[in-house]
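Working through the structure, step by step
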Amino acid sequence: MKFILAQKQKMTQLFKDNGKVIPVTIVKAGPVVVVRNKIKNKDGYSAVVVGFGNKKHASKPLAGQLKNLKPVRVLKEFKINDESEIEQWPIGDEIKADIFQEGDKVIVKGVSKGKGFSGMVKRYKAHGNDTTHGTKHSVRTPGSIGATGIQRVLKGHKMPGRGGGKKITLKKIEIVKVDPENNLLYLKGAVPGAKGSLLILSQV
(Lines give C-alpha, C1' and ligand atoms only; values in the text may rest on other atoms or scores of the structure.)
Protein backbone atom coordinates (compact mmCIF):
# COMPACT_ATOMS: atom_id res chain seq x y z
CA MET A 1 0.00 0.00 0.00
CA LYS A 2 1.20 3.50 -0.90
CA PHE A 3 0.17 6.69 0.89
CA ILE A 4 1.48 10.17 1.65
CA LEU A 5 0.40 13.62 2.84
CA ALA A 6 0.85 16.56 0.50
CA GLN A 7 0.43 20.32 0.32
CA LYS A 8 -1.19 21.91 -2.72
CA GLN A 9 1.11 24.31 -4.56
CA LYS A 10 -0.34 25.55 -7.84
CA MET A 11 -1.78 24.54 -11.22
CA THR A 12 0.12 24.56 -14.48
CA GLN A 13 0.31 22.57 -17.72
CA LEU A 14 2.66 20.04 -19.27
CA PHE A 15 3.22 19.30 -22.95
CA LYS A 16 3.55 15.82 -24.39
CA ASP A 17 5.85 14.97 -27.29
CA ASN A 18 2.90 15.10 -29.68
CA GLY A 19 2.04 18.64 -28.52
CA LYS A 20 -0.95 17.66 -26.39
CA VAL A 21 -1.49 19.86 -23.32
CA ILE A 22 -2.13 18.23 -19.93
CA PRO A 23 -3.46 20.41 -17.08
CA VAL A 24 -1.76 19.41 -13.82
CA THR A 25 -1.74 20.36 -10.14
CA ILE A 26 1.63 20.48 -8.41
CA VAL A 27 1.65 19.19 -4.84
CA LYS A 28 4.53 18.97 -2.37
CA ALA A 29 4.30 15.36 -1.22
CA GLY A 30 6.12 14.74 2.04
CA PRO A 31 8.45 13.87 3.39
CA VAL A 32 6.29 12.35 6.11
CA VAL A 33 7.65 10.56 9.18
CA VAL A 34 6.25 7.29 10.55
CA VAL A 35 5.22 8.13 14.12
CA ARG A 36 3.46 4.98 15.28
CA ASN A 37 2.32 1.54 14.18
CA LYS A 38 -1.05 0.24 15.39
CA ILE A 39 -1.77 -3.49 15.60
CA LYS A 40 -4.96 -5.48 16.13
CA ASN A 41 -3.94 -7.10 19.41
CA LYS A 42 -3.29 -3.75 21.07
CA ASP A 43 -5.38 -1.16 19.21
CA GLY A 44 -8.13 -3.26 17.63
CA TYR A 45 -7.05 -2.55 14.04
CA SER A 46 -3.92 -2.18 11.93
CA ALA A 47 -2.76 1.28 10.88
CA VAL A 48 0.29 3.44 10.28
CA VAL A 49 0.38 6.95 11.83
CA VAL A 50 2.48 9.52 9.98
CA GLY A 51 3.40 13.15 10.66
CA PHE A 52 3.75 15.97 8.13
CA GLY A 53 5.11 19.51 8.32
CA ASN A 54 7.44 21.25 10.75
CA LYS A 55 6.44 22.76 14.07
CA LYS A 56 8.61 24.80 16.44
CA HIS A 57 7.21 23.45 19.70
CA ALA A 58 5.09 20.38 20.45
CA SER A 59 2.35 20.27 23.07
CA LYS A 60 2.66 17.64 25.80
CA PRO A 61 0.09 15.26 24.23
CA LEU A 62 1.80 15.58 20.83
CA ALA A 63 5.27 15.14 22.36
CA GLY A 64 4.04 11.95 24.03
CA GLN A 65 3.09 10.51 20.64
CA LEU A 66 6.23 11.67 18.89
CA LYS A 67 8.61 10.56 21.67
CA ASN A 68 12.11 11.27 20.28
CA LEU A 69 10.96 12.57 16.87
CA LYS A 70 10.86 16.19 15.74
CA PRO A 71 7.57 18.11 16.22
CA VAL A 72 5.16 17.84 13.28
CA ARG A 73 2.18 19.95 12.31
CA VAL A 74 -0.26 17.25 11.18
CA LEU A 75 -0.85 13.64 12.26
CA LYS A 76 -2.80 11.22 10.06
CA GLU A 77 -3.28 7.48 10.14
CA PHE A 78 -3.77 5.05 7.29
CA LYS A 79 -5.47 1.71 7.90
CA ILE A 80 -3.66 -1.40 6.70
CA ASN A 81 -5.58 -4.48 5.59
CA ASP A 82 -2.67 -6.90 5.89
CA GLU A 83 -0.92 -6.50 9.25
CA SER A 84 2.27 -8.05 7.90
CA GLU A 85 2.79 -4.92 5.76
CA ILE A 86 3.35 -2.79 8.89
CA GLU A 87 6.90 -4.10 9.06
CA GLN A 88 7.61 -2.02 5.94
CA TRP A 89 7.03 1.18 7.94
CA PRO A 90 9.47 1.29 10.91
CA ILE A 91 9.03 4.19 13.35
CA GLY A 92 11.16 7.18 12.34
CA ASP A 93 11.28 6.14 8.69
CA GLU A 94 10.60 8.86 6.07
CA ILE A 95 8.14 8.44 3.20
CA LYS A 96 8.91 10.65 0.20
CA ALA A 97 7.37 11.42 -3.16
CA ASP A 98 9.40 8.72 -4.90
CA ILE A 99 7.10 6.10 -3.34
CA PHE A 100 4.87 6.80 -6.37
CA GLN A 101 5.71 6.42 -10.05
CA GLU A 102 4.50 8.08 -13.22
CA GLY A 103 1.22 6.55 -14.35
CA ASP A 104 0.07 5.53 -10.87
CA LYS A 105 -3.58 6.20 -10.00
CA VAL A 106 -4.29 7.67 -6.56
CA ILE A 107 -7.22 8.69 -4.39
CA VAL A 108 -7.02 12.37 -3.43
CA LYS A 109 -8.88 13.68 -0.36
CA GLY A 110 -9.08 17.34 0.58
CA VAL A 111 -11.34 20.16 1.75
CA SER A 112 -12.84 22.41 -0.92
CA LYS A 113 -12.47 26.18 -0.87
CA GLY A 114 -14.82 27.97 1.50
CA LYS A 115 -17.19 30.41 -0.24
CA GLY A 116 -18.57 32.09 2.87
CA PHE A 117 -22.24 32.78 3.59
CA SER A 118 -24.25 33.17 0.39
CA GLY A 119 -27.85 33.43 -0.69
CA MET A 120 -30.08 31.23 -2.82
CA VAL A 121 -29.04 32.71 -6.16
CA LYS A 122 -25.32 32.16 -5.66
CA ARG A 123 -25.54 28.93 -3.66
CA TYR A 124 -28.11 26.98 -5.71
CA LYS A 125 -28.32 29.03 -8.95
CA ALA A 126 -31.90 30.08 -8.17
CA HIS A 127 -33.42 32.35 -10.83
CA GLY A 128 -34.83 34.83 -8.31
CA ASN A 129 -38.18 36.65 -8.30
CA ASP A 130 -39.65 38.91 -10.95
CA THR A 131 -38.47 42.52 -11.04
CA THR A 132 -41.92 44.00 -11.84
CA HIS A 133 -45.04 45.06 -9.95
CA GLY A 134 -43.33 46.25 -6.81
CA THR A 135 -41.08 43.26 -6.18
CA LYS A 136 -37.72 44.90 -6.83
CA HIS A 137 -36.89 44.83 -3.12
CA SER A 138 -37.05 41.01 -2.93
CA VAL A 139 -35.44 39.83 -6.17
CA ARG A 140 -32.86 37.54 -4.59
CA THR A 141 -34.93 36.26 -1.65
CA PRO A 142 -36.07 32.61 -1.46
CA GLY A 143 -39.76 33.46 -1.23
CA SER A 144 -42.18 31.09 0.48
CA ILE A 145 -40.38 28.27 2.31
CA GLY A 146 -43.15 26.53 4.26
CA ALA A 147 -45.79 24.04 3.22
CA THR A 148 -49.46 24.86 3.95
CA GLY A 149 -50.41 21.39 5.14
CA ILE A 150 -47.77 20.38 7.68
CA GLN A 151 -46.93 23.87 8.99
CA ARG A 152 -43.17 23.41 9.06
CA VAL A 153 -40.11 23.58 6.86
CA LEU A 154 -39.05 20.17 5.58
CA LYS A 155 -35.55 18.91 6.29
CA GLY A 156 -33.12 19.34 3.42
CA HIS A 157 -34.89 22.41 2.07
CA LYS A 158 -32.54 24.60 0.05
CA MET A 159 -31.81 27.76 2.02
CA PRO A 160 -29.11 30.43 2.24
CA GLY A 161 -26.00 29.29 4.10
CA ARG A 162 -22.31 28.55 3.92
CA GLY A 163 -20.88 27.31 0.65
CA GLY A 164 -17.81 25.13 0.16
CA GLY A 165 -15.56 23.92 2.95
CA LYS A 166 -16.60 20.29 2.42
CA LYS A 167 -14.57 17.09 2.32
CA ILE A 168 -14.03 16.05 -1.30
CA THR A 169 -12.71 12.68 -2.53
CA LEU A 170 -11.45 12.20 -6.08
CA LYS A 171 -10.66 8.71 -7.35
CA LYS A 172 -8.27 7.46 -10.04
CA ILE A 173 -6.26 10.67 -10.36
CA GLU A 174 -3.24 9.99 -12.56
CA ILE A 175 0.28 11.00 -11.53
CA VAL A 176 1.75 12.58 -14.66
CA LYS A 177 5.22 13.39 -13.34
CA VAL A 178 7.33 12.72 -10.24
CA ASP A 179 10.10 15.08 -9.09
CA PRO A 180 11.89 13.15 -6.29
CA GLU A 181 14.57 15.83 -5.74
CA ASN A 182 12.00 18.45 -4.72
CA ASN A 183 9.36 15.98 -3.44
CA LEU A 184 6.82 17.18 -6.01
CA LEU A 185 4.01 15.24 -7.68
CA TYR A 186 2.19 16.43 -10.79
CA LEU A 187 -1.45 15.29 -10.61
CA LYS A 188 -3.61 15.34 -13.72
CA GLY A 189 -6.43 17.89 -13.54
CA ALA A 190 -7.64 19.92 -10.57
CA VAL A 191 -7.79 18.78 -6.96
CA PRO A 192 -9.88 20.22 -4.09
CA GLY A 193 -8.62 22.89 -1.72
CA ALA A 194 -6.93 26.25 -1.75
CA LYS A 195 -3.23 26.87 -2.26
CA GLY A 196 -1.28 25.49 0.70
CA SER A 197 -4.10 23.21 1.87
CA LEU A 198 -3.52 19.63 3.05
CA LEU A 199 -4.18 16.69 0.73
CA ILE A 200 -4.25 12.96 1.50
CA LEU A 201 -2.99 10.70 -1.28
CA SER A 202 -3.39 6.93 -1.23
CA GLN A 203 -3.08 4.14 -3.75
CA VAL A 204 -6.23 3.10 -5.60
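Since the model is a prediction, treat every value here as computed from it, not as a measurement. (Residues numbered from 1 in each chain as written. Predicted model: local features only at pLDDT ≥ 70, side-chain atom pairs only at ≥ 80, totals over all residues. Heavy atoms only, no water.)

1. Some words on unusual backbone geometry
- Positive phi values are uncommon outside glycine, yet Lys125 reaches one of about 60°.
- Mapped onto the elements, Lys125 comes out in the loop between helix H3 (120–124) and strand S9 (161–164).
- Located in the positive-phi region is Asn183, a residue other than glycine, with phi close to 55°.
- Among the structural elements, Asn183 can be located in the loop between strand S10 (167–179) and strand S11 (184–188).
- Looking at Asn183, the relative accessible area reads 9%, which means it is buried. (Helix = DSSP H or I, 4+ residues; strand = E, 2+ residues; numbered from the N terminus. Buried < 20%, exposed > 50% of the residue type's maximum accessible area, 1.4 Å probe, protein only.)

2. Description of the confidence of the model for the protein chain
- For the protein chain, per-residue confidence averages 86 on the pLDDT scale, and residues scoring 70 or more make up 98% of the total.
- Element-level mean pLDDT values for the protein chain span from 76 in helix H2 (residues 60–66) up to 93 in strand S7 (residues 105–111). (pLDDT = per-residue confidence, 0-100.)

3. With respect to the pairing of S11
- In terms of residue burial, S11 counts as a mostly covered element, since 4 of its 5 residues are buried.
- Strand direction decides the pairing type here: strand S2 (residues 21–29) and S11, joined by 5 bridges, are antiparallel. Its bridge partner lying in S11, Thr25 is registered against Leu187.
- Pairing between S10 and S11: 4 bridges, direction antiparallel. In the strand pairing of S11, Ile175 is matched with Leu187.
- Linking S10 to S11, which pair antiparallel, is a turn of 4 residues; within it Asn183 sits at a positive phi near 55°. (Pairing = 2+ DSSP bridges.)

4. Brief notes about the environment of Asp17
- Structurally, Asp17 is set in the loop between strand S1 (3–15) and S2.
- Remark: the alpha-carbon pair of Asp17 and Leu154, spanning 137 residues in sequence, is separated by 56 Å.

5. A look at the nonpolar core
- Ranked by internal contacts, the top residues of the largest apolar core, which has 30 residues, are Phe3, Val50, Ile95, Val108, Leu185, Leu187 and Leu201.
- Those residues in contact with Leu185, other than ones at most four positions away along the chain, are Thr25, Ile26, Val27, Ala29, Ala97, Phe100, Ile175, Lys177, Val178 and Leu201.
- Ranked by size, the runner-up nonpolar core spans 6 residues in total, among them Ile22, Ile26, Val176 and Leu184. (Core = buried A, V, L, I, M, F, W, Y, C linked by side-chain atoms within 4.5 Å. Contact = heavy atoms within 4.5 Å.)

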